[in-house]
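Residue-level structure breakdown
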Amino acid sequence: MKKSILIVFALVAITSQAQVKKWTLKECVAYALENNISVKQSQLDLELTDIENMQAVGNFLPDVSMSANLSENTGLSFNPVTNNAQTTTFLSASGRLNVGYTLFNGLRNFREVQRAKLSKLSAQFRLTKMEDDISLFVANNYLQVILNKANLEVLTSQNTITKDQQQRTQDLVDAGVLPQGDLLEIRATDASERQAIVNAENAVQVSLISLAQLLLIKDYQNFDIEDEGYDIVDEGIADKDVYEIIGTAKENRAEIKIAEKSVELAEKDVQIARSAYYPTLSAFFGYDTRYTDATSFINRLDPNNPIVVREIGVVQETGQSVIGEFPNSVPMLVGADPFVDQLYQNDGISYGLSLSIPILNGFSTKGNVQRSKINLERTQNQLEQAQLDLESTVYQAYVDAKGALKSYEAAQSALESQELAYDYAKERYDVGLTNAFDFSQSKVRFDNSKIELNRAKYDYIFKLKVLELYFGIPAMELKF
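Not measured: the values here are computed from a predicted model. Throughout, a residue's number is its position along its own chain's written sequence, starting from 1. At least 70 in pLDDT is required for a residue's local features to be given in this predicted model, at least 80 for side-chain atom pairs to be given and counted, and no such filter applies to totals for whole chains, interfaces and linings, which use all residues. Calculation of side-chain values draws on the structure's entire complement of heavy atoms; hydrogens and water are dropped beforehand.

1. Let's talk about the environment of serine 356
- Here a strand is any run of E in DSSP of at least two residues, a helix any run of H or I of at least four, and the numbering for each starts at the N terminus. Assignment of secondary structure puts serine 356 in strand β11 (residues 348–356).
- Whether two residues are in contact is decided by their heavy atoms, any of which lying within 4.5 Å being enough. Beyond its immediate chain neighbours, meaning those up to four positions away, serine 356 contacts Pro279 and Thr280.

So, in structure tokens, the structure goes:
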């Protein structure tokens with residue numbers, strides 16, 4: 001029974017280890033672009049420009065508003081329908097519909113729509129730049145993990161050789177062929193290598209955690225990457241003329257596009273500020289109506305005569321006002337018309353044009369125009385500086401890639417030489433022609449040359465990809 005339980009636990013452990021996903025570089029980049037906070041912030045900035053565009057287009061629509069008023073009056077008040085003073089309690093209501101439309105305002109609405117479109121393009125370029133930066137950052141961290149794993153593999157492999165050599169040295173010491181000091185030297189080398197292996201293992205774990213944190217992955221223990229199949233893939237960028245790369249970068253890089261759009265936005269702001277110098281012509285339309293439940297007194301010359309002689313309130317029979325006084329008139333109390341009838345009887349419309357001509361506003365418009373011009377000049381300087389910075393950066397990346405290639409080629413040559421030296425030292429040590437100290441030093445130099453080759457290799461890969469990115473190859477299409 002115990003054996004069965006142990007077997008089950010072992011199978012579960014093996015299965016869980018087999019299910020650990022190994023992330024490729026493209027998967028890491030894609031995941032970062034989807035989940036990175038900075039990228040999300042840039043995406044929100046892009047969404048804000050859609051709102052800006054919606055508002056700019058909305059300025060071409062008329063302004064429509066409705067208002068209503070309901071009140072109860074007690075005591076001496078003016079009847080809102082007849083405008084006569086009455087001492088009574090009554091309920092009154094009124095409503096109004098207003099429509100306004102701007103016919104001309106110095107073309108401000110058109111320019112705000114144009115500005116909104118430029119703002120969206122600028123936000124899109126900022127998002128592209130952020131995605132490129134994050135992609136390179138992820139690639140750099142990813143290659144660092146691969147480098148640390150490669151170094152760990154070198155140290156582990158060489159320590160295996162050291163342990164075999166230690167056992168052989170032990171046999172030769174026991175046989176009296178080699179002195180005890182050679183065995184101690186080999187053991188010291190083994191201890192030093194095991195310490196280096198521990199440090200290399202820690203470096204792998206730290207770099208994996210750093211990459212996981214960059215991707216916002218919290219399960220550090222089960223996070224790992226695919227560390228095979230990454231070699232130097234040169235698309236011929238390193239052989240191109242540096243000024244060709246610089247020219248392509250100026251045409252395609254997002255930072256230049258952002259600076260260019262900033263200049264266009266500043267130019268549009270100057271035009272918008274100047275539009276305040278022009279008159280504003282607007283059209284308006286209004287509709288209003290009223291209702292009251294107030295009663296009215298009317299006087300008649302004869303109760304049997306239907307002709308109204310004098311009105312103090314609303315005339316129920318005719319709905320019209322007849323002005324005049326007759327001493328023989330008889331006052332009568334007349335009730336208010338129905339609600340719907342009054343809405344029709346008391347409605348009215350108003351329409352027309354409104355012209356506003358700016359004359360003096362405390363130099364506010366002039367100040368806004370001057371500020372916009374200064375900002376335009378500032379963005380033009382920033383564009384020029386961005387072009388200079390990009391030229392310097394691309395040139396530096398070109399020199400770095402060339403230097404990294406030379407360093408990689410030199411590391412290859414050094415490794416070949418150190419390998420020959422190591423094989424020669426090993427042969428001499430095996431036959432007792434050299435001591436353990438000289439052999440271990442040769443082995444250390446051989447190990448270091450392998451580690452240096454790994455460093456030079458991945459350094460060149462990264463710098464080559466940076467150069468390709470400046471040449472216009474999108475980050476997601478870079479080949480490793």
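Anyway, onward from the coordinates.
2. Some details on the packing of aromatic side chains
- For Phe, Tyr and Trp, where Trp contributes only its six-membered ring, two rings pair if their centres lie within 6.5 Å, and the inter-plane angle classes them as stacked under 30 degrees, edge-to-face over 60, or tilted in between. Per the counting criterion, the structure on display carries seven aromatic pairs.
- Their ring planes at 15 degrees and their centres at 5.1 Å tell us that tyrosine 422 and phenylalanine 446 sit as a pair that is stacked. Of the two residues, tyrosine 422 sits in helix α9 (residues 364–430) while phenylalanine 446 sits in helix α10 (residues 436–470), which places them 24 residues apart along the sequence. Of the two residues, tyrosine 422 and phenylalanine 446, both sit in the buried class.
- Members of the aromatic cluster, each reached through a chain of ring pairs, are Trp23, Tyr31 and Phe223.
- Here the basic side chain of lysine 21 rests over the ring of tryptophan 23, its NZ or CZ set 5.4 Å away from the ring centre. For every residue, the accessible area obtained with a 1.4 Å probe (protein chains only) is divided by the maximum for its type, and the residue is called buried under 20%, exposed over 50%, and partly exposed between those limits. Think of it as a cone above the ring: NZ of Lys or CZ of Arg counts as a charge over the ring if it is within 6 Å of the ring centre and within 35 degrees of the ring normal.

3. Here's the deal with the pairing of strand β2 (residues 63–73)
- For β2, the tally of buried residues reaches only zero of 11 residues, placing the bulk of the element at the surface.
- Paired strands, in this sense, are two strands between which DSSP finds at least two bridges. Here 11 bridges tie β2 to strand β5 (residues 90–104), and the two strands are oriented antiparallel to one another. Within β5, the position partnered with leucine 70 by the bridge is alanine 93.

4. Observations regarding the side chain of threonine 49
- Tracing the backbone through its elements, the reader meets threonine 49 in helix α3 (residues 37–58).
- In this structure threonine 49 comes out as buried when scored by relative accessible area, which is 4%.
- Dropping the residues within four chain positions of it, threonine 49 is found in contact with Ser119, Lys120 and Ala123.

5. Comments concerning the UniProt feature "coiled-coil region" (unreviewed entry) in the protein
- The residues that UniProt annotates with the feature "coiled-coil region" (unreviewed entry) are residues 369–396.
- Annotated as residues 369–396, this span is 100% helix and 0% strand, and its ends, taken at the C-alpha atoms, are 40 Å apart. UniProt positions are given in the numbering used here, feature names are shortened, and annotations may be inferred rather than shown by experiment.

6. Examining empty space enclosed by the protein
- Note on definitions: the grid is 1 Å and covers protein atoms alone; a cavity is a set of points where a 1.4 Å probe fits but cannot get out; a pocket is an open set with protein on both sides within 12 Å along at least five of seven lines; lining residues have an atom within 4 Å of a point. Grid points are joined across faces, edges and corners, and a volume is the space filled by probe spheres set on the points. Counted by the stated rule, this structure contains two cavities of 30 Å³ or more.
- Every element with two or more residues in the lining of the second largest cavity is listed here: α4 (108–174), α5 (180–214) and α10.
- For the lining of the second largest cavity, the leading source of residues is α10, giving three residues.
- Residue type decides the class: Asp, Glu, Lys and Arg count as charged, Ala, Val, Leu, Ile, Met, Phe, Trp, Tyr, Cys and Pro as nonpolar, and the leftover types, Gly among them, as polar. By residue class, the composition of the lining of the second largest cavity is two nonpolar, four polar and one charged.

7. Observations concerning helix α2 (residues 25–35)
- Turning to α2, its buried residues are Leu25, Cys28, Val29, Ala32, Leu33 and Asn35.
- Of the surrounding secondary structure, the elements contacted by the buried residues of α2 are β1 (22–23), α3, α4 and α5.

8. Let's talk about the packing of α4 against α10
- Taken N-terminus to C-terminus, the directions of α4 and α10 make an angle of 165 degrees; their axes are 10 Å apart at the nearest point. In terms of axis orientation, α4 runs roughly antiparallel to α10. Handedness of the crossing formed by α4 with α10: right-handed.
- Its residues assigned to classes, the contact of α4 with α10 comprises 15 nonpolar, seven polar and five charged. Each axis is a line fitted through C-alpha atoms, and for a helix only the stretch in contact is used; angles between axes span 0 to 180 degrees, taken between their N-to-C directions. Here the angle decides the label: under 35 degrees means roughly parallel, over 145 means roughly antiparallel, 65 to 115 means roughly perpendicular, and every other value means oblique. Handedness of a crossing follows from how the near helix is turned relative to the far one, being left-handed for an anticlockwise turn of less than a right angle and right-handed for a clockwise one.

9. What about unusual backbone geometry?
- The residue leucine 107 is not glycine, and still its phi comes out positive at about 65 degrees.
- Positive phi, close to 65 degrees, is recorded for leucine 216, a residue that is not glycine.
- Its place among the elements puts leucine 216 in the loop between α5 and β6 (224–225).
- The class for leucine 216 is partly exposed, based on a relative accessible area of 42%.

10. Considering a nonpolar patch on the surface
- Each patch is built from salt-bridge-free residues with over 30% relative accessible area, joining like charges within 9 Å and nonpolar side chains (Val, Leu, Ile, Met, Phe, Trp, Tyr) within 5 Å. Note that accessible areas follow from Shrake-Rupley with a 1.4 Å probe, and for residues the cover is restricted to the protein chains shown. Throughout this description, the term salt bridge denotes a Lys or Arg side-chain nitrogen within 4 Å of a carboxyl oxygen of Asp or Glu. Side chains of Tyr101, Leu103, Phe104, Leu107, Phe110, Tyr277, Tyr278 and Leu353 sit close together on the surface and give an oily, nonpolar patch of about 820 Å² of accessible area.
- Per-element accounting of the nonpolar patch gives the leading share, three residues, to β5.
- Tracing the sequence through the fold places tyrosine 277 in the loop between α7 (254–274) and β7 (280–292).

11. Overview of the sheet that holds β7
- Read from one edge of the open sheet, four strands run β2-β5-β7-β11, paired in antiparallel fashion. Every other strand in the sheet has two partners, leaving β2 and β11 as the edge strands with one partner each. This sheet shows a mean twist of 20 degrees between the axes of neighbouring strands, independent of strand direction.
- Both β5 and β7 contribute to a ladder of 12 bridges, which runs antiparallel. Bridge pairing in β7 links serine 92 to threonine 292.

12. Re a negative patch on the surface
- A cluster of acidic side chains, namely Glu416, Glu419, Asp423 and Glu427, defines a negative patch on the protein surface.
- Mapped onto the elements, glutamate 427 comes out in helix α9.
- On the basis of relative accessible area, glutamate 427 is assigned to the exposed category, the value being 53%. Asp and Glu count as negative and Lys and Arg as positive, but His and the ends of the chain are not part of the count. Charge positions come from single atoms, namely NZ of Lys, CZ of Arg, CG of Asp or CD of Glu.

13. Re the pattern of salt bridges
- With the rule as written, the count across this model stands at 20 salt bridges.
- Between glutamate 193 and lysine 443 there is a salt bridge, with its nearest N and O atoms 2.2 Å apart. Taken together, the residues span a long stretch of sequence, with glutamate 193 in helix α5 and lysine 443 in helix α10 at a distance of 250 residues. No difference in accessibility class separates glutamate 193 from lysine 443, as the two residues are buried.
- When salt bridges with common partners are traced through the structure, they connect Glu52, Arg115 and Asp269 into a single cluster.

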